[in-house]
Amino acid sequence: MEGVRLQHGPIDVVVRAWGEPSEVELAHQQLENRFDTILAELVAELPRLREPLGETYPLFSGRTARRMAAAVWPHRGVFITPMAAVAGAVAEELLDALLAGRKLEKAFVNDGGDIAVHLSPGASLRAGIVNDLLHPGIDATTEISFASPVRGIATSGWRGRSQSLGIADAVTVLAPTASQADAAATLIANAVNVDHPAIERRPARSLKEDSDLGDLTVTVHVPALPEKEVLKALTNGLAVAQRMQRVGLVTAAYLALQGQVLTLPECVASRSASR
């Protein structure tokens, strides 16, 4: 069964489902019905979704917004807003709509690289990992089985569609849910960082007026760095990933910067022999 692509405003999803043709067709109809409503629900609560977390758990009306809040709440000790989990939460919500009452072997909803996964017993899914958007290609792969706790994949970095405080080319995270993976990838990518005079940063608001990062400085240019600085930046990010893994927020992570890679655990992905 071929995949389906749906676009509305900033939401751009690719969906694929495996199963009996009649079940897949009904699943696609359910997906499209939910897709028609999801952006309006988010927009209705957008100002509050862009606010940094405080000491009180944020309450929202929409299901997707509630997923976002739940995903970022464990990270409230650092600057974070629910928007850090928006793409993953959208993928989750749409996957639930796709699956409701249906019998599917497996399925995924990919919202700009943040992916929610469904697997039935015996099913598995292989995902490709790209180190650098400027040189697209499969640099590594990871396989998710039904027995795995992973049902979400997300990637973040300074060249992505969202702003980043760090310098990672890409941080790919595997987690129990897509919204958890999204929030974690954002923060790990922020932590892949070093102080270097040639790295260019600007206030987020100066680049995007409605940025939820406000006046925090985000990365706009990363020159070629000495290898020891690259390793230092990756090690900083890996330390954050390890802390998240210890409390069950992430299962695995793959951190890439200027040709160097660190992974958690070491066997998270098999490096592609083609690159």
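Because the structure is a prediction, the values reported are computed rather than measured.

Peer 1: How would you explain the packing of helix α5 (residues 178-191) against helix α7 (residues 227-246) if you had to name every residue and give the values?
Peer 2: Two measures define how a pair of helices packs: the angle their axes make with one another and the distance between the axes. It is at 7 Å that the axes of α5 and α7 come closest, and there the two elements cross at 145°. In this structure, α5 crosses over α7, and the sense of that crossing is right-handed. For the pair α5 and α7, contact is made by Ala184, Leu187, Ile188 and Ala191 and by Ala233, Asn236, Gly237, Val240, Ala241 and Met244, respectively. Residue classes in the contact of α5 with α7 are distributed as eight nonpolar, two polar and no charged.

Peer 1: Which residues make up the layout of surface pockets, and what are the values?
Peer 2: A volume near 250 Å³ is recorded for the second largest pocket. If you go around the second largest pocket, you meet 13 residues; those closest to its centre are His75, Val78, Leu187, Val240 and Met244.

Peer 1: Help me get a handle on the side chain of Thr172, residues and values and all.
Peer 2: Secondary-structure assignment places Thr172 in strand β8 (residues 170-175). Assessed through its relative accessible area of 4%, Thr172 is described here as buried. Here the side chain of Thr172 touches Thr155 through a polar contact of 2.9 Å, side chain to side chain.

Peer 1: Account for α5, with residues named and values stated.
Peer 2: One turn of the α-helix equals 3.6 residues, which is why residues spaced by three or four share an orientation. Across its 14 residues, α5 extends 20 Å between first and last C-alpha, which sits within 8% of the 20 Å expected from 1.5 Å per residue. The buried fraction of α5 amounts to 13 of the 14 residues, a majority that puts the element mostly inside the structure.

Peer 1: Quick one: what's the story with unusual backbone geometry, residue by residue and with numbers?
Peer 2: Residue Pro265 is bonded to the preceding Leu264 through a cis peptide linkage, with omega at -15°. Phi at Gln258 takes a positive value of approximately 45°, unusual for a residue other than glycine. Among the secondary structure elements, Gln258 is positioned in the loop between β11 (252-257) and β12 (260-264).

Peer 1: Quick one: what's the story with the nonpolar core, residue by residue and with numbers?
Peer 2: With 71 residues, the main nonpolar core has Leu98, Ile167, Val173, Ile188 and Val192 as its most contacted residues. When residues of this core are assigned to their parent elements, the largest contribution, nine residues, is made by α5. The residues touching Ile188, leaving out its near neighbours within four places in the chain, are Val171, Val173, Gly237, Val240, Ala241, Met244 and Leu255. If you look at the next biggest cluster of nonpolar residues, it comprises 13 residues, including Ile115, Ala127, Val150 and Ala252.

Peer 1: Got a sec to walk through the packing of helix α4 (residues 86-99) against α5? Specific residues and values, please.
Peer 2: The geometry of α4 relative to α5 is characterised by a closest axis approach of 7 Å and an angle of 170° between their N-to-C directions. In terms of orientation, α4 and α5 fall into the roughly antiparallel class. Only Ala178, Ser179, Gln180 and Asp182 of α5 make contact with α4, whose side of the interface consists of Val86, Ala87, Gly88, Ala89 and Glu92.

Peer 1: Account for the packing of aromatic side chains, with residues named and values stated.
Peer 2: Considering all chains together, one arrives at two aromatic pairs under this definition. A centroid spacing of 6.1 Å and a plane angle of 50° characterise the contact between Trp18 and Phe108, whose relative ring orientation is tilted. You can see Trp18 sitting in strand β2 (residues 11-18) and its partner Phe108 sitting in strand β3 (residues 106-111), a full 90 residues away along the chain. With relative accessibility at 18%, the residue Phe108 sits in the buried group. On the numbers, 5.1 Å between centres and 75° between planes, the contact of Tyr57 with Trp73 is edge-to-face. One end of the pair, Tyr57, is in the loop between α2 (46-49) and α3 (63-72); the other, Trp73, is in the loop between α3 and α4, with 16 residues separating them in the sequence. What makes Trp73 buried here is its relative accessible area of 17%. The lysine or arginine in question, Arg48, covers the ring of Phe60, its NZ or CZ lying 4.5 Å from the ring centre. Note that Lys106 overlies the ring of Trp18, its terminal NZ or CZ placed 4.8 Å from the centroid.

Peer 1: Any details on the pairing of β12? Residues and values, ideally.
Peer 2: Remark: a regular strand shows side chains that alternate across the two faces of the sheet. Here five bridges tie β11 to β12, and the two strands are oriented antiparallel to one another. Looking at β12, one finds that Ala256 is bridged to Val261. Here β11 hands over to β12 after two residues, with Gln258 in that stretch at a positive phi of 45°.

Peer 1: Which residues make up the pattern of salt bridges, and what values go with them?
Peer 2: Within the structure shown, the criterion is met by twelve salt bridges. Across the salt bridge formed by Glu143 and Arg126, the nearest N and O atoms sit 3.2 Å from each other. Highlighted residues: Glu143 in strand β6 (residues 140-145) and Arg126 in strand β5 (residues 124-129), separated in sequence by 17 residues. Residue Glu143 is classed as partly exposed on the basis of its relative accessible area of 47%. Residue classification places Arg126 among the exposed positions, given a relative accessible area of 59%. When salt bridges with common partners are traced through the structure, they connect Arg34, Glu41, Arg63, Arg67, Glu92, Glu93 and Asp96 into a single cluster.

Quick notes on the rules
Residues numbered from 1 in each chain as written. Predicted model: local features only at pLDDT ≥ 70, side-chain atom pairs only at ≥ 80, totals over all residues. Heavy atoms only, no water. Axes fitted to C-alpha atoms, helices over the stretch in contact; angles between N-to-C directions. Helix = DSSP H or I, 4+ residues; strand = E, 2+ residues; numbered from the N terminus. Left-handed = near helix turned anticlockwise from the far one by under 90°. Contact = heavy atoms within 4.5 Å. Nonpolar A, V, L, I, M, F, W, Y, C, P; charged D, E, K, R; others polar. 1 Å grid on protein atoms, 1.4 Å probe; cavity = no way out; pocket = protein on both sides within 12 Å on 5 of 7 lines; lining within 4 Å. Points joined across faces, edges and corners; volume = space filled by probe spheres on them. Buried < 20%, exposed > 50% of the residue type's maximum accessible area, 1.4 Å probe, protein only. Polar contact = N/O pair within 3.5 Å; in protein donor to acceptor, adjacent residues only side chain to side chain. Expected span 1.5 Å × (residues − 1). Core = buried A, V, L, I, M, F, W, Y, C linked by side-chain atoms within 4.5 Å. Parallel < 35°, antiparallel > 145°, perpendicular 65-115°, else oblique. Phe/Tyr/Trp six-rings, centres within 6.5 Å; stacked < 30°, edge-to-face > 60°. Lys NZ or Arg CZ within 6 Å of the ring centre and 35° of its normal. Pairing = 2+ DSSP bridges. Salt bridge = Lys/Arg side-chain N within 4 Å of Asp/Glu carboxyl O.

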